[in-house]
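# Structural characterization, general
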Amino acid sequence: DTGVSQNPRHKITKRGQNVTFRCDPISEHNRLYWYRQTLGQGPEFLTYFQNEAQLEKSRLLSDRFSAERPKGSFSTLEIQRTEQGDSAMYLCASSVQGSFDGYTFGSGTRLTVV
Amino acid sequence: KQEVTQIPAALSVPEGENLVLNCSFTDSAIYNLQWFRQDPGKGLTSLLLIQSSQREQTSGRLNASLDKSSGRSTLYIAASQPGDSATYLCAVKGGGADGLTFGKGTHLIIQP
């Protein structure tokens, strides 16, 4: 296991289209997080899962956004009816509940909505 | 609501200099603080993690300190190299929340 994997690395889509991103966390990590980062800003928390349960959602996560982690392993983040304001880097991270270790981040998916 | 501020926003120094990046946070009830490095267009690489009960952590030329009561952390980089050029992000994990709160980062350029 070489770390947190995110696919695709880049996605260009037309406004109004739906997009889906995938994150594969470190296999023994039971917590998975999604963050969004716009240019010149730090990442902002979107949501997190403990195993397959989605335990917290930021108010940034509008009803056009949905995240799943069906079997407690990989996760998907879907954005419906994309808007230009959705253009950002979407980062996934994983960690172990209760561990003193920090978060491990993936390389992110860069979304451009045209 | 936790807020994290990083100063300076940008820094350019000649190679070989020692430098300090600053991070402050408004709510001292944190679980830990983590420093990350981000190269342009890339994800985050964890550099150092300091638990709330610790005062500092060291890794190679990097040393991070934490003063939880005053809401401050510093990242010290010794003998800087051009390869250290990147954006450095500070993030805190709150005692009650599970997400990280990030600062906007310090964009560091080391001149050869």
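Here is what the cut-offs are and how they apply
- Residues numbered from 1 in each chain as written.
- Chains lettered and ligands numbered in written order.
- Predicted model: local features only at pLDDT ≥ 70, side-chain atom pairs only at ≥ 80, totals over all residues.
- Heavy atoms only, no water.
- Helix = DSSP H or I, 4+ residues; strand = E, 2+ residues; numbered from the N terminus.
- Rg over C-alpha atoms; globule rule 2.2 N^0.38 Å.
- Buried < 20%, exposed > 50% of the residue type's maximum accessible area, 1.4 Å probe, protein only.
- Contact = heavy atoms within 4.5 Å.
- Areas by Shrake-Rupley, 256 points an atom, 1.4 Å probe, with all protein chains shown as cover.
- Lys, Arg positive; Asp, Glu negative; His and termini not counted.
- Charge placed at Lys NZ, Arg CZ, Asp CG, Glu CD.
- Buried area = accessible area lost by both parts, 1.4 Å probe.
- Salt bridge = Lys/Arg side-chain N within 4 Å of Asp/Glu carboxyl O.
- Polar contact = N/O pair within 3.5 Å; in protein donor to acceptor, adjacent residues only side chain to side chain.
- Nonpolar A, V, L, I, M, F, W, Y, C, P; charged D, E, K, R; others polar.
- Phe/Tyr/Trp six-rings, centres within 6.5 Å; stacked < 30°, edge-to-face > 60°.
- Lys NZ or Arg CZ within 6 Å of the ring centre and 35° of its normal.
- Disulfide = S-S within 2.5 Å.

Another point: the overall build of chain A. The helix and strand inventory of chain A stands at zero helices and eleven strands. Along its sequence from the N terminus, chain A presents helices and strands in the succession β-β-β-β-β-β-β-β-β-β-β. In summary, chain A has a C-alpha radius of gyration of 13 Å against a globular reference of 13 Å for 114 residues, a match within 12%. Across its three principal directions, the C-alpha atoms of chain A cover 40 × 25 × 25 Å. Looking at chain A as a whole, 47% of its 114 residues qualify as buried. For chain A, restricting intrachain contacts to residue pairs at least 6 apart in sequence, the fraction spanning at least 24 positions comes to 54%. In the structure as shown, chain A presents an accessible area of about 5,700 Å², 44% of it carried by carbon and sulfur atoms. Charge separation in chain A, taken as the distance between the mean sites of 14 positive and 12 negative side-chain charges, equals 7 Å.

Turning our eyes to something else, we now look at the overall build of chain B. Looking only at helices and strands, chain B has zero helices and eleven strands in total. Written out in order from the N terminus, the α and β elements of chain B read β-β-β-β-β-β-β-β-β-β-β. Computed over C-alpha atoms, the radius of gyration of chain B comes to 13 Å, within 12% of the 13 Å expected from 2.2 N^0.38 for 112 residues, which places it in the range of a compact globule. Dimensions of chain B along its principal axes, counting C-alpha atoms only, are 45 × 30 × 20 Å.

Moving on, we come to the interface of chain B and chain A. If you look at the interface, chain B gives 20 residues, while chain A gives 25 residues. Carbon and sulfur atoms make up 50% of the area that chain B and chain A hide from each other, which totals about 1,600 Å². Counting the contacts that link chain B with chain A gives zero salt bridges. On the surface where chain B and chain A come into contact, there are four residue pairs in polar contact (both at pLDDT 80 or more). Among the elements of the structure, strand S4 (30-38), strand S5 (44-51), strand S9 (86-94) and strand S10 (100-102) of chain B are those that each provide at least two residues to the side of chain B that touches chain A. For the side of chain B that touches chain A, a count of residues per class yields seven nonpolar, eight polar and five charged.

For the structure on display, the rule yields ten aromatic pairs over all chains. Measuring from centroid to centroid gives 5.3 Å for A:Phe105 and B:Phe36, while their planes differ by 85°, and the two rings are edge-to-face. One end of the pair, A:Phe105, is in strand S10 (residues 104-105); the other, B:Phe36, is in strand S4, on a second chain. The same class applies to A:Phe105 and to B:Phe36, which are both buried. Here a set of aromatic residues connected by ring pairs shows up, and it is made of A:Tyr35, A:Phe45, A:Phe105, B:Phe36 and B:Phe102. The positively charged end of B:Lys93 is found above the aromatic ring belonging to B:Tyr31, 4.6 Å away from the centroid.

So, about the state of the cysteines. Counted by the stated rule, this structure contains two disulfides over all chains. Bridging A:Cys23 to A:Cys92, the disulfide has an S-S length of 1.8 Å. The disulfide joining A:Cys23 to A:Cys92 has a torsion of about -70° about its S-S bond and is therefore left-handed. With A:Cys23 in strand S3 (residues 19-24) and A:Cys92 in strand S9 (residues 88-95), this residue pair connects regions lying 69 residues apart in the sequence. Each member of the pair, A:Cys23 together with A:Cys92, is buried. Each sulfur of the disulfide joining B:Cys23 and B:Cys90 lies 2.0 Å from the other. Here the disulfide of B:Cys23 and B:Cys90 is left-handed, its torsion about the S-S bond being about -60°. Of the two residues, B:Cys23 is situated in strand S3 (residues 19-25) and B:Cys90 in strand S9; the sequence distance between them amounts to 67 residues. With relative accessibility at 2%, the residue B:Cys23 sits in the buried group. By relative accessible area, which is 0% here, B:Cys90 ends up buried.

Nothing here speaks to function; it is all geometry.
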